[in-house]
Amino acid sequence: MHVSFVSFAKPVLHGYFRSSCSWRVRIAFALKGVEYDQAPVNLIKDGGQQLTQQYKAINPMQQVPAVEIDGITLSQSLAVIQYIDETRPGPRLLPADPKKRAQVRMISDLIASGIQPLQNLYVIQKMGAEKMQWSQHFIDRGFQALEPILKQTAGKYCVGDEISMADICLVPQVYNAERFKVDVDQYPTIKRLNQALLEIEAFKVSHPSRQPDTPADLRA
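Basis of the calculations
- Residues numbered from 1 in each chain as written.
- Predicted model: local features only at pLDDT ≥ 70, side-chain atom pairs only at ≥ 80, totals over all residues.
- Heavy atoms only, no water.
- UniProt positions renumbered as here; feature names shortened; annotations may be inferred.
- Helix = DSSP H or I, 4+ residues; strand = E, 2+ residues; numbered from the N terminus.
- Domains from an automatic or database assignment.
- Buried area = accessible area lost by both parts, 1.4 Å probe.
- Salt bridge = Lys/Arg side-chain N within 4 Å of Asp/Glu carboxyl O.
- Polar contact = N/O pair within 3.5 Å; in protein donor to acceptor, adjacent residues only side chain to side chain.
- Nonpolar A, V, L, I, M, F, W, Y, C, P; charged D, E, K, R; others polar.
- 1 Å grid on protein atoms, 1.4 Å probe; cavity = no way out; pocket = protein on both sides within 12 Å on 5 of 7 lines; lining within 4 Å.
- Points joined across faces, edges and corners; volume = space filled by probe spheres on them.
- Core = buried A, V, L, I, M, F, W, Y, C linked by side-chain atoms within 4.5 Å.
- Buried < 20%, exposed > 50% of the residue type's maximum accessible area, 1.4 Å probe, protein only.
- Pairing = 2+ DSSP bridges.

Peer 1: Explain the UniProt feature "domain: GST N-terminal" (unreviewed entry) in the chain to me, and be specific about the residues and the numbers.
Peer 2: Residues annotated in UniProt with the feature "domain: GST N-terminal" (unreviewed entry) correspond here to residues 9-92. The annotated region residues 9-92 carries 33% helix and 19% strand content, and the separation between its end C-alpha atoms amounts to 23 Å.

In structure tokens, the structure reads:
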């Protein structure tokens, strides 16, 4: 059930240009055509602006993203995406069919719980010199599971022929894989889907190279 909420204030996204979890939310807003403001949180500068008491009051986990929307503050990107889907008009981000909806959630959780947390900034900072090898290992481990699943579920996109939350999770994770020098050619279904999705405007405008806080040398 989709409910429309009248809100006079734009949502505010507290995020970081290269955060894959922040990118997921930016994609969802773009797909839904929702205008929003950004309040960048630099995860590197000053030891990490997410660690300040000011930001801890917004998100006690001291992570990005956090979204102020409709009088509440939400963190955890999948919760934010599902709230956007349930309260804003536009294309569905979770399919109406229960089986497809479960597949979308399965793929989204595999990425958001099974791959991304093992190579987020907090973890790799603890790994020191081994961070590249560590990240490659866990991305490959996840992609080895994801590839056969997507072979079964994919049509034009991750689940059938409609863009969903699964696609929103996939593209930022492939971007991370490429950053950490994972050979994505080993995963032809993942590679094909990612290439198709990057042609879509919502994925382009939300890309890390096109954000207000993107450093000049990384801008598209």
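Peer 1: Describe the domain arrangement of the chain, naming the residues involved and giving the relevant values.
Peer 2: Reports often express the size of an interface as the amount of accessible area lost when the parts come together. The domain boundaries assigned to the chain delineate domain 1 (10-90) and domain 2 (98-204). Centre-to-centre separation of domain 1 and domain 2, based on C-alpha positions: 20 Å. Counting the surface lost from both domain 1 and domain 2, the interface buries some 1,600 Å², and carbon and sulfur atoms represent 73% of this. In terms of surface lost to domain 2, no three residues of domain 1 exceed Arg18, Trp23 and Arg24, which account for 36% of the buried area on that side. The interface formed by domain 1 and domain 2 includes 0 salt bridges. Across the domain 1-domain 2 interface, the total number found is 0 residue pairs in polar contact (both at pLDDT 80 or more). At the level of elements, α1 (20-32) and α3 (77-87) are the ones that each hand at least two residues to the side of domain 1 that touches domain 2. Taken together, the residues of the side of domain 1 that touches domain 2 break down into 10 nonpolar, 3 polar and 2 charged.

Peer 1: Pulling in residues and values, what's your account of the layout of surface pockets?
Peer 2: If you add up the space inside the largest pocket, you get close to 840 Å³. Lining the largest pocket are 36 residues, and of these Leu43, Gln116, Asn120, Leu121 and Tyr122 lie nearest its centre. Taken together, the elements giving at least two residues each to the lining of the largest pocket come down to α1, α3, α4 (98-114), α5 (121-127), α6 (131-153) and α7 (165-179). In terms of residue class, the lining of the largest pocket is made up of 16 nonpolar, 16 polar and 4 charged. Mapping the lining of the largest pocket onto the domain boundaries places at least three of its residues in each of domain 1 (10-90) and domain 2 (98-204). In this structure, the second largest pocket occupies an estimated 160 Å³ of space. Considering the residues around the second largest pocket, the lining is formed by 13 residues, among which Arg92, Pro95, Glu162, Ile163 and Ser164 are closest to the centre. When the residues that make up the lining of the second largest pocket are grouped by side-chain class, the tally is 7 nonpolar, 2 polar and 4 charged.

Peer 1: I'd like a description of the nonpolar core, backed by residues and values.
Peer 2: Among the nonpolar cores identified, the biggest contains 51 residues, and Phe143, Leu146, Leu170, Ile190 and Phe203 are the most heavily contacted of them. For this core, the secondary structure elements donating two or more residues are α1, β3 (66-69), α3, α4, α6, α7, α8 (188-197) and α9 (201-205). Examining the composition of this core, we find that 8 residues originate from one element, α7, more than from any other. Each of domain 1 (10-90) and domain 2 (98-204) accounts for three or more of the residues forming this core. Core analysis: the second largest hydrophobic core is formed by 7 residues, Tyr16, Phe17, Val41 and Ala66 among them.

Peer 1: A description of the pattern of salt bridges should follow, citing residues and the corresponding values.
Peer 2: According to the stated counting rule, one finds 5 salt bridges in the structure shown. As a salt-bridge pair, Arg88 and Asp70 come within 2.6 Å of each other at their nearest N and O atoms. Of the two residues, Arg88 is situated in the loop between α3 and α4 and Asp70 in the loop between β3 and β4 (72-75); the sequence distance between them amounts to 18 residues. We classify Arg88 as buried; its relative accessible area is 10%. With a relative accessible area of 23%, Asp70 lands in the partly exposed category. With a shortest N-O distance of 2.4 Å, Lys191 and Asp185 are connected by a salt bridge. Given the relative accessible area of 51%, Asp185 is considered exposed.

Peer 1: Residue-level account of the UniProt feature "domain: GST C-terminal" (unreviewed entry) in the chain, with values.
Peer 2: Mapped onto this structure's residue numbering, the UniProt feature "domain: GST C-terminal" (unreviewed entry) falls at residues 97-216. Helix makes up 64% of residues 97-216 and strand 0%, and the two end C-alpha atoms of the span are 44 Å apart.

Peer 1: So, the pairing of β3: which residues are in play, and what are the values?
Peer 2: Two strands pair when backbone bridges link them, and strand β1 (residues 12-15) and β3 are joined in this way by 3 bridges, in the antiparallel orientation. Within β3, the position partnered with His14 by the bridge is Ala66. Relative to β4, β3 runs antiparallel, the two sharing 4 bridges. Across the sheet, Ala66 pairs through a bridge with Ser75, a residue of β4.

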